[in-house]
Amino acid sequence: MLDFRNLTCTIIAAVGLTLSTSSSFAQQPDIGDQPGLLADDSVELDPEYRKQVVYYRTSEAPGTIIIATAERHLYLVQGNGRALRYGIGVGRDGFQWQGLLNISRKAEWPDWTPPPEMIARQPYLPRFMAGGPGNPLGARAMYLGSTVYRIHGTNRPDTIGTAVSSGCFRLVNADVTDLYERVPVGTKVIVRQKPEL
């Protein structure tokens, strides 16, 4: 009976430790949002995430943006079975989504006002940050419909190819500037979680 009581106490202690660890893990700063950090432009992207022209089969019209979250790629359809492919950072678990939107607005060196739900999760964030090199939105932003989500640059180029954001899609500043120049307001954006069959 004593062994059973000891086993029960051990299990309860282990569950308590797991819950407290999970709770403290949830409070850890989001490594994807580091306001004021200047981008390290010497970071070399994995070849998989460098901008390149690729073969890409789709029935979507040229100029359409297709975001493949699982692949960590953004495709700008060019037509003739080709697309420009950019490496991206995507939303972490619980912050990934899919849908069909349009670019509703574009901004160069955008200001950043984290939404209230982001402040609630990460109270250390500033309530407002003017655009510039230390801004987490980077050099350019393309706003998606009336949502809080954007395609934007980053001051953390080392996060490209990872899932750390709160649902936005980030590119290195050179790539987001290139994309920004290629697409107008109104561009169709398709966000997919799973590869198209």
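Shown above is the structure to which this text applies.
In this report, we go over the structure that sits alongside the text.

Rules of the game
Residues numbered from 1 in each chain as written. Predicted model: local features only at pLDDT ≥ 70, side-chain atom pairs only at ≥ 80, totals over all residues. Heavy atoms only, no water. Helix = DSSP H or I, 4+ residues; strand = E, 2+ residues; numbered from the N terminus. Buried < 20%, exposed > 50% of the residue type's maximum accessible area, 1.4 Å probe, protein only. Core = buried A, V, L, I, M, F, W, Y, C linked by side-chain atoms within 4.5 Å. Contact = heavy atoms within 4.5 Å. Lys, Arg positive; Asp, Glu negative; His and termini not counted. Salt bridge = Lys/Arg side-chain N within 4 Å of Asp/Glu carboxyl O. Pairing = 2+ DSSP bridges. Axes fitted to C-alpha atoms, helices over the stretch in contact; angles between N-to-C directions. Phe/Tyr/Trp six-rings, centres within 6.5 Å; stacked < 30°, edge-to-face > 60°. Lys NZ or Arg CZ within 6 Å of the ring centre and 35° of its normal.

1. Comments concerning unusual backbone geometry
For residues other than glycine, phi is negative in most cases, and the peptide bonds are mostly trans. Of note in the backbone geometry, Arg-72 takes a positive phi value of approximately 65° without being a glycine. Mapped onto the elements of the fold, Arg-72 is located in the loop between β2 (65-68) and β3 (73-79). Here Arg-72 falls in the buried class, since its relative accessible area comes to 19%. One non-glycine residue, Trp-109, adopts positive backbone phi at about 40°.

2. Digging into the nonpolar core
Of all hydrophobic cores here, the largest spans 22 residues; its most connected members are Ile-65, Ile-67, Leu-74, Ile-151, Phe-169 and Leu-179. Mapped onto this core, the elements with two or more residues apiece are β2, β3, β4 (82-87), β6 (99-108), β7 (140-144), α3 (173-182) and β11 (188-192). Those residues within four positions of Ile-151 in sequence are excluded, and the remaining contacts are Ile-65, Ile-67, Leu-74, Arg-140, Ala-141, Met-142, Leu-144, Phe-169, Leu-171, Leu-179 and Val-189. Ranked by size, the runner-up nonpolar core spans 9 residues in total, among them Trp-112, Ile-119, Leu-125 and Leu-137.

3. Re the side chain of Arg-72
Buried charge without a partner: Arg-72 forms no salt bridge, and the closest opposite charge is Asp-93, 6.9 Å away. In this structure, Arg-72 is in contact with Tyr-49, Tyr-86, Gly-87, Ile-88, Val-90, Gly-161, Thr-162 and Ala-163, ignoring residues within four places of it in sequence.

4. Here's the deal with α3
Within α3 the residues assigned to the buried category are Asn-173, Asp-175, Val-176, Asp-178, Leu-179 and Tyr-180. Where α3 is buried, its residues contact β2, β3, β4, β6, β7 and β8 (150-152).

5. A few points about the sheet that holds β6
With mixed pairing, 9 strands are arranged side by side in an open sheet as β1-β4-β3-β2-β11-β6-β7-β8-β10. In this open sheet, the two strands that pair with only one neighbour each are β1 (52-55) and β10 (169-170). By the bridge criterion, 4 bridges tie β6 to β11 in an arrangement that is antiparallel. When the sheet's bridge partners are listed, Gly-99 is paired in β11 with Val-191. Across the sheet, α3 lies against β2, β3, β4, β6, β7 and β8, angled at about 55° from β7, the strand it touches most.

6. What about the packing of aromatic side chains?
With the rule as written, the count across this model stands at 3 aromatic pairs. Taken together, a centroid distance of 4.2 Å and an interplanar angle of 20° make the contact between Tyr-56 and Tyr-75 stacked. Within this pair, whereas Tyr-56 is found in the loop between β1 and β2, its partner Tyr-75 is found in strand β3, the two being separated by 19 residues in sequence. Residue Tyr-56 shares its accessibility class with Tyr-75, and that shared class is buried. Considering the side-chain rings of Trp-97 and Tyr-149, the 4.8 Å spacing of their centres and the 20° angle between planes classify their relative orientation as stacked. Note that Trp-97 is positioned in the loop between β5 (90-91) and β6 and Tyr-149 in the loop between β7 and β8, a separation of 52 residues in sequence. An aromatic cluster of three or more residues is present, and its members are Trp-97, Tyr-149 and Phe-169. We note Arg-92 situated over the ring of Phe-95; from NZ or CZ to the ring centre the distance is 4.4 Å. The ring of Tyr-180 is capped by Arg-140, whose NZ or CZ atom sits 5.5 Å from the centre of that ring.

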